[in-house]
Amino acid sequence: MPFTKPFVAVGTCDKVPTIDGIVSPREWSGAAWCGNFLQYQRKEVTNLRTEFWFKHDGQRLYIAFFCHEDNDSRHKGGLRNRDGEVWHDDSIELLFFVGKRRHEIVQFIGNSVGAIYDAKNKNALWNGDWNYHARRTKGGWSGEMSIALDNLGNGMKDRKMECGLNLVRNRIYPKPHH
């Protein structure tokens, strides 16, 4: 069966969500949803779901996510400094492909304890205008973020502007204790 790239239309929000890492159904009702992600190496749907919700207010893009876990005690998130290698922890990555030909890459990564990394065209010295909070919850971990649309280029404020987006969940398995 051929693979088709999904398309998500992000609608506007009436009320700006509180970026506190708590994904409340009431706060995210009406947001665009996506899930059922593929495991990259196997090209098959993952056995542990990851869900994302999106909305915007014309100035900022708001994103919530929930990473389901089968074992609440299995969790890796240790890095806490900005622009550290947070992808070595349980983390979420958003890679936006923007510009006229989508050659510019804007990357945001947040780990399960709230540390962040951001880069523009692989330049980690760039610090974007965004907020991020994550927390452990029953059955997994969740997070919310707010990204200024200006980070993604001037055209992103045009409601008809499109961009490419890769959503990545890094799930790190801790080493067994001997």
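Conventions used here
Starting afresh in each chain, residues are numbered from 1 along the sequence in its written order. This being a predicted model, a pLDDT of at least 70 is required before a residue's local features are given, and a value of 80 or more before pairs of side-chain atoms are given or counted; all residues contribute to the totals for chains, interfaces and linings. To obtain the side-chain values, all non-hydrogen atoms of the structure were used and water was disregarded. When accessible area is computed with a 1.4 Å probe and restricted to protein chains, residues below 20% of their type maximum are described as buried, those above 50% as exposed, and intermediate ones as partly exposed. Runs of E in the DSSP output that reach at least two residues are strands. Runs of H or I that reach at least four are helices, and both are numbered from the N terminus. Two strands pair if DSSP finds at least two bridges between them. Simply put, an axis is a line fit to the C-alpha atoms, just over the touching stretch for a helix, and the angle between two N-to-C directions goes from 0 to 180 degrees. Between N or O atoms, a polar contact is any pair within 3.5 Å; within protein, one atom must be a potential hydrogen donor and the other a potential acceptor, and residues adjacent in sequence are included only when both atoms are from side chains. We call two residues contacting when some pair of their heavy atoms lies within 4.5 Å.

Looking now at the pairing of strand S8 (residues 116-120). Side chains on a regular strand alternate between the two faces of the sheet. Among the five residues of S8, four are classified as buried, and the element is accordingly described as predominantly covered. Alignment of strand S7 (residues 104-111) against S8, held across five bridges, turns out to be antiparallel. By the bridge assignment, Val106 is partnered in S8 with Lys120. Between S7 and S8, which pair antiparallel one after the other, the connecting turn spans four residues, and Gly114 there sits at a positive phi close to 100°.

With that settled, consider the sheet that holds strand S9 (residues 130-137). Spatial strand order, S1-S4-S5-S10-S9: five strands in an open sheet with antiparallel pairing. With partners counted over all chains shown, the strands left at the sheet margins are strand S1 (32-34) and S9, one partner each. Between one strand axis and the next, the sheet turns through 15° on average, direction left out of account. In this structure, strand S5 (residues 60-68) lies alongside strand S10 (residues 140-148), joined through nine bridges in antiparallel fashion. Of the residues in S10, the one forming a bridge with Ile63 is Met145.

Right, let's get into the side chain of His56. Topologically, His56 is positioned in strand S4 (residues 50-56). Its relative accessible area of 14% is what places His56 among the buried residues. Polar side-chain contacts of His56 include one of 3.0 Å to the backbone nitrogen of Gly58. If we skip the residues at most four places from it in the chain, His56 touches Val10, Gly11, Thr12, Cys13, Leu61 and Tyr62.

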